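Tertiary structure, described
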Amino acid sequence: MKITQIECIPISAPSPMRGPSAVSNILLVKLHTDEGLVGIADAGGVNQDIVILMIKGWERILIGANPLDRGLIMEKLSRSIRSVWGVSYPAAVATIDFALWDLCGKALNQPVYQLLGGKAVEKLMFNFFIHTENSPDGPRKAAEEAQKAAAAGVKSIGLKSTGFGGGTRSLEADVAIVGAVRKAVGDKVGISFDANAGYNYHDALIIGKAMDDFNLFKYEQLCWDVNGLAQLRRKLKTPICAHESSVLIPDLMQVIEKQAADIVGTKLASSGGITEGLKWASIAKAAGLAMYCGAMNGPWEAAAQAHWLASDAEFGTQDHDVFFPVLMYNTFDTTKPNDVDLIDNPMKYQDGYFYPPEGPGIGLELNEKAVPKYLTKGKSIVTIGEKPRVAAMAH
């Protein structure tokens, strides 16, 4: 079996739960083979043009390669995860990695989790993030959104700091919002707080002490520097989670060396895919750390991560920020009929849990007829390799 053609399809995946015009601009990649099998993947929201340019640069590596030689291929692409002299974009590497795993699963007629050793976890709990705002209504709005999610079966809620996404960050507002949400949902719903490395060490210590009695299950990346996280871990009661500081393996090693976290996180789109994620998890487990996974908002990305997470029992002990299908279908129960028709078999989310698809490969089935209406406006399908065809363009 050989890869004969690559299609790069710029898609604007709807995210109506975040607003009527909200989308995640993903790049859907299709690896065609001479045996008729097609590997499909995305790595969440990306700069579509940069990923296309990088894939064009890999044409000599990919076209003509046997996708079952996944390890050999990924060894050649892995330098683009962290390059000193060239371009580094782990999401581009992850896109190809996911598509290769999808092809391998389809070739063997097995779901990806089976190729990873089998399903060790039947279902995984997701941590639903709520974006907060620094305003007089901030606590009330966050509490109402949390109550709505909890009523729909969500069992774990993550609260973003008020500064996330360009807003004005406020220690006082963050404390008030977390307190209001805890009061609204009670103690049966888990709550975490994520500062996205937005605070310096001093402010992180202040806010950590102020929130320590809210019974949170983790503080995620309160400050950027690893030494600061190590100090916070020694001075606060709530478990410390590294994320931005532990996504890539060299950074994870530093967190381990500094004993800077109780929990470490990664995103496969940001670390280079499942192949790299297997190495990352082995190191984190050897260090005795709890592990969790974030996401970059893509449907195939979510499914690929679900396969990886389900293949290791340790991931069943944590809640994961893998919930883009909930946003895309605008429901906490994706088993119900929905108008979003990009995928024929939506990934299952129900009662606060998500499940890896059961079909061969990653297991999602693209609705080819629906693709034109989801094309990113002004962007075209780019074809690399043999049998070029006239590309469609979104209007």
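Residues numbered from 1 in each chain as written. Predicted model: local features only at pLDDT ≥ 70, side-chain atom pairs only at ≥ 80, totals over all residues. Heavy atoms only, no water.

**A look at the overall build of the chain**
For the chain, the helix and strand inventory stands at 15 helices and 14 strands. Relative to a compact globule of 395 residues, whose C-alpha radius of gyration would be 21 Å, the chain shows 21 Å and is just as compact. On the principal axes, the C-alpha backbone points of the chain span a range of 60 × 45 × 35 Å. Considering the chain as a whole, with its 395 residues, one finds that 57% of them fall into the buried category. In the chain, the proportion of contacts linking residues at least 24 apart, taken out of those at least 6 apart, comes to 69%. Considering the chain, the positive charge centre built from 39 side chains and the negative charge centre built from 43 side chains are found 1 Å apart. (Helix = DSSP H or I, 4+ residues; strand = E, 2+ residues; numbered from the N terminus. Rg over C-alpha atoms; globule rule 2.2 N^0.38 Å. Buried < 20%, exposed > 50% of the residue type's maximum accessible area, 1.4 Å probe, protein only. Contact = heavy atoms within 4.5 Å. Lys, Arg positive; Asp, Glu negative; His and termini not counted. Charge placed at Lys NZ, Arg CZ, Asp CG, Glu CD.)

**As for the packing of helix α10 (residues 249-258) against helix α12 (residues 274-286)**
Closest axis-to-axis distance for the α10/α12 pair is 10 Å, and the angle between their directions is 5°. On the basis of their axis angle, the class for α10 and α12 is roughly parallel. In this structure, α10 contributes Ile 249, Leu 252, Met 253 and Ile 256 to the contact, and α12 contributes Glu 276, Lys 279, Trp 280, Ile 283 and Ala 284. Of the residues contributing to the contact of α10 with α12, the split by class is seven nonpolar, no polar and two charged. (Axes fitted to C-alpha atoms, helices over the stretch in contact; angles between N-to-C directions. Parallel < 35°, antiparallel > 145°, perpendicular 65-115°, else oblique. Nonpolar A, V, L, I, M, F, W, Y, C, P; charged D, E, K, R; others polar.)

**Digging into the state of the cysteines**
Per the counting criterion, the structure on display carries zero disulfides. Cys 8 supplies the cysteine sulfur nearest to Cys 104, a cysteine that is in no disulfide, at a spacing of 19 Å. (Disulfide = S-S within 2.5 Å.)

**With respect to the nonpolar core**
Counting 128 residues, the largest nonpolar core has Ile 11, Ile 55, Phe 128, Phe 193 and Trp 308 as its most contacted members. For this core, the leading source of residues is helix α4 (residues 90-108), giving ten residues. (Core = buried A, V, L, I, M, F, W, Y, C linked by side-chain atoms within 4.5 Å.)

**Thoughts on the packing of helix α8 (residues 201-211) against helix α9 (residues 226-235)**
With their axes 10 Å apart at the nearest point, α8 and α9 run at an angle of 25° to one another. Between α8 and α9, the angle is such that the two are roughly parallel. In this structure, α8 crosses over α9, and the sense of that crossing is right-handed. Between α8, through Tyr 201, Ala 204 and Leu 205, and α9, the contact on the second element is made entirely by Gly 228, Gln 231, Leu 232 and Lys 235. Class assignment for the residues of the contact of α8 with α9 results in four nonpolar, two polar and one charged. (Left-handed = near helix turned anticlockwise from the far one by under 90°.)

**Overview of the sheet that holds strand β12 (residues 349-350)**
Across the sheet, three strands lie side by side as β4-β13-β12; this open sheet has antiparallel pairing. Each edge of the open sheet is held by one strand with a lone partner, namely β4 (124-125) and β12. In this structure, β4 lies alongside strand β13 (residues 353-354), joined through two bridges in antiparallel fashion. Looking at the pairing, Leu 124 lines up with Phe 354 of β13. (Pairing = 2+ DSSP bridges.)

**Considerations on the sheet that holds strand β5 (residues 128-130)**
Across the sheet, seven strands lie side by side as β5-β6-β7-β8-β9-β10-β11; this open sheet has parallel pairing. Strand pairing shows two members of the sheet lacking a second neighbour, β5 and β11 (290-293), which therefore form its edges. Between one strand and the next, the sheet's axes are offset by a mean angle of 30°, whatever the strand orientation. Judged from the five bridges that link them, strand β6 (residues 156-160) and strand β7 (residues 190-194) form a sheet pairing that is parallel. Bridge pairing links Gly 158 to Ser 192 in β7.

**Observations concerning the pattern of salt bridges**
Applying the stated criterion to the full structure yields 17 salt bridges. Residues Glu 145 and Arg 18 are paired through a salt bridge, measuring 3.7 Å at the closest nitrogen-oxygen approach. One end of the pair, Glu 145, is in helix α6 (residues 138-151); the other, Arg 18, is in the loop between β1 (3-14) and β2 (23-33), with 127 residues separating them in the sequence. For Glu 145, a relative accessible area of 28% corresponds to the partly exposed category. Overall, the relative accessible area of 29% leaves Arg 18 in the partly exposed class. For Glu 358, the salt bridge identified is with Lys 119, shortest N-O distance 2.6 Å. One end of the pair, Glu 358, is in the loop between β13 and α15 (371-374); the other, Lys 119, is in the loop between α5 (112-115) and β4, with 239 residues separating them in the sequence. Overlapping salt bridges bring together Glu 7, Lys 30 and Glu 368 as one network. (Salt bridge = Lys/Arg side-chain N within 4 Å of Asp/Glu carboxyl O.)

**Brief notes about α4**
Helix length check: α4 (19 residues) gives 27 Å between terminal C-alpha atoms against 27 Å at 1.5 Å per residue, within 8%. Asn 109 sits one or two residues past α4 and shows a positive phi near 55°. (Expected span 1.5 Å × (residues − 1).)

**Overview of helix α3 (residues 70-77)**
An α-helical segment advances 3.6 residues per turn. Residues three or four places apart therefore align on the same side. Regarding α3, the residues found buried are Arg 70, Ile 73, Met 74 and Leu 77. Taken down its axis, α3 places every buried residue within 95° of arc, on the same side. Away from its buried face, by an angle of more than 90 degrees, α3 presents the exposed residues Leu 72 and Glu 75. In this structure, the buried side of α3 is in contact with α2 (59-62), α4 and α12. (Arc of directions from axis to C-beta.)

**Here we look at the side chain of Gln 48**
Turning to its location among the elements, Gln 48 is positioned in helix α1 (residues 48-57). In this structure the side chain of Gln 48 is engaged in a polar contact, spanning 3.4 Å, whose partner is the backbone oxygen of Ile 11. A polar side-chain atom of Gln 48 sits 3.0 Å from a polar atom in the side chain of Lys 379. Setting aside its immediate chain neighbours within four residues, Gln 48 contacts Pro 10, Ile 11, Asn 25, Ile 26, Leu 27, Thr 376 and Lys 379. (Polar contact = N/O pair within 3.5 Å; in protein donor to acceptor, adjacent residues only side chain to side chain.)

It is worth stressing that arrangement in space is one thing and function is another; only the former is reported here.
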